[in-house]
Amino acid sequence: MKVKKLLFLLVLVCLLGCYAGSVKPLLNRPEFKAENEPIRTLRVLLITDHSYQKEEIEKFVSKCSRLAEVQVGIRLEIIDWYQIKWEDELNDIIKTEIRIARDTWSKRDKFDIAITFVYFVHNLAGGHLPLGATDTFFWRYIFVRELDPYILLHELFHAFLFERDHSKDWVMRGARPSYGSEWYWLTPEDRKEVLRNKWRDFNVMPAAGQEEKRSKESWFYYHMGAAYLQKREFDQAISLFNKSLEINPRYAEAYETRGMVYSSREQYDQAIADFNKALEIDPRLAEVYFSRGRAHYFKGEYGKSWEDIKRAEDLGYKIPAEFLNKLRRASDPK
Ligand SMILES: [Zn+2]
C-alpha cells in the first residue's frame, strides 16, 4: 500500500516539475523557435574504432542532431568518416586529442567538429572516469564513450561554451545523473551562451585572454609537431614547430626539439642555432648542452663538443658512455 502511494507521488512530481529549469517546456513557443533561426549545419567528421558499428553511430548522431536543433538550431551532418587504429594514446586524453588533430590536420577546413567514438580510459582527479571529452584548444575534437545523447550533447555544447564551468543542472552538469528522465536539455542561461557563439569558426582557437591564448596555441602546435616527429614526418614537424615559435618566440622546448629534428637530418648548423636559442632562454637545460655537443661532434668540432659535454655533466646530465667513447676516440686518435 505504502509503496503504491509513493510511486503515485513520484509520478505526480515527475509530471509536474520534471523539466523545470530546462528549456524543454519552452520548445514549442513561437518566440523560442524564432531564436533558433537560422539553422547552422555543422559538418561532422566521424571517427570510429571497433567500439561501435557505424550504423548505430549514425542513428545516434541523427537523434542528437534533432535534440540540438530544437534547442539551439544546430544540426549535425556527417560529411565523412574513417576507422582509426590506436597506438598507445588511449590512457591519456591529451595524447588522444593530439592524435586526432594530427590525423585530421590536412582536412581541417573541410569539417567543423570531429566526433570520435571510442572507449578511452582517462582518470580524472578523484578516480572519476569521464564519459566524454572535448579538447580545450579548438573545442572541436569530441570524444564519446557511450551512445547516450546526454554525453554527446554535453560535449557538443562545450564546443560553444568554451571555458565556462559546468552548470548545476541539466545537460551541462558535470556528471550524468543516475536517475530521472532525459537530461538532454540546456538551461535557458546556457542556451543563451550557446546561441551567442553559434556561428563560431572552428579553426580558430577561442581562449579567454590574449596571453593565455598565445601560450595555448603555441603549446598545441608544439605537441602537434612532436606527434609528427614520432611518425618521422620531419617536414610537417618542422612547419608546426615554426608555427609554435612564431606565436611564442620564447619557447625553449620548441627550439630544442626543432634542433633535434635538424640534427637527425644532419643539418648541424641549423641545429646548433636552435640549441643556442633554447639555452639563451633557459641556460639550465642540461640535455640541450648534450644535444649541441653531439652536433659539434658530428661537425668535427671536438673542442666545442667537450665544452658542452662538461656543462651538461655539471648540470647533472648523464652522458651515454657510448657517445663519450666515440668523442674520446675522435678527439684523441692514438
Ligand atoms: Zn563537461
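Residues numbered from 1 in each chain as written. Predicted model: local features only at pLDDT ≥ 70, side-chain atom pairs only at ≥ 80, totals over all residues. Heavy atoms only, no water.

**What about the overall build of the chain?**
Per the secondary structure count, the chain includes 13 helices and 5 strands. With the principal axes as the frame, the chain shows a C-alpha extent of 100 × 45 × 35 Å. Within the chain, buried positions represent 47% of all 334 residues. A separation threshold of at least 6 residues defines the contact pool for the chain, and within that pool the share at least 24 residues apart is 64%. Per element, the accessible surface of the chain, about 17,800 Å² overall, is 52% carbon and sulfur. Between the centroid of the 53 positive side chains of the chain and the centroid of its 51 negative side chains there is a distance of 3 Å. (Helix = DSSP H or I, 4+ residues; strand = E, 2+ residues; numbered from the N terminus. Buried < 20%, exposed > 50% of the residue type's maximum accessible area, 1.4 Å probe, protein only. Contact = heavy atoms within 4.5 Å. Areas by Shrake-Rupley, 256 points an atom, 1.4 Å probe, with all protein chains shown as cover. Lys, Arg positive; Asp, Glu negative; His and termini not counted. Charge placed at Lys NZ, Arg CZ, Asp CG, Glu CD.)

**Focus: helix α7 (residues 210–230)**
For α7, built from 21 residues, the straight-helix expectation of 30 Å at 1.5 Å per residue is met to within 8% by its first-to-last C-alpha distance of 30 Å. Of all the positions in α7, only Lys213, Lys216, Glu217, Ser218, Phe220, Tyr221, Tyr222, Met224, Gly225, Ala227 and Tyr228 are classed as buried. Residues of α7 that are buried in the fold lie against α4 (93–104), α8 (234–247) and α9 (252–264). Downstream of α7 by one or two residues, Arg232 has phi in the positive range, about 60°. (Expected span 1.5 Å × (residues − 1).)

**Concerning the coordination of the zinc ion**
Every protein donor of the zinc ion is accounted for by His154 (NE2), His158 (NE2) and His166 (NE2), and the metal-donor separations fall at 2.1 to 2.2 Å. Classification of His158 by relative accessible area gives buried; the value is 10%. (Donors = N, O, S within 2.8 Å, 3.2 Å for Na, K, Ca; no water.)

**What to know about the nonpolar core**
In this structure, Ile100, Trp105, Phe138, Tyr141, Phe143 and Phe220 are the most contacted members of the largest nonpolar core, which totals 54 residues. The dominant element in this core, judged by the number of residues it contributes, is α8, at 7 residues. In this view, Trp105 contacts Phe138, Tyr141, Phe220, Tyr221, Met224, Tyr228 and Leu240; residues no more than four positions away in its chain are not counted. Counting 41 residues, the second-largest nonpolar core is a separate cluster that includes Leu42, Ile57, Ile115 and Leu161. (Core = buried A, V, L, I, M, F, W, Y, C linked by side-chain atoms within 4.5 Å.)

Treat this as a map of the structure, not an account of what it does.
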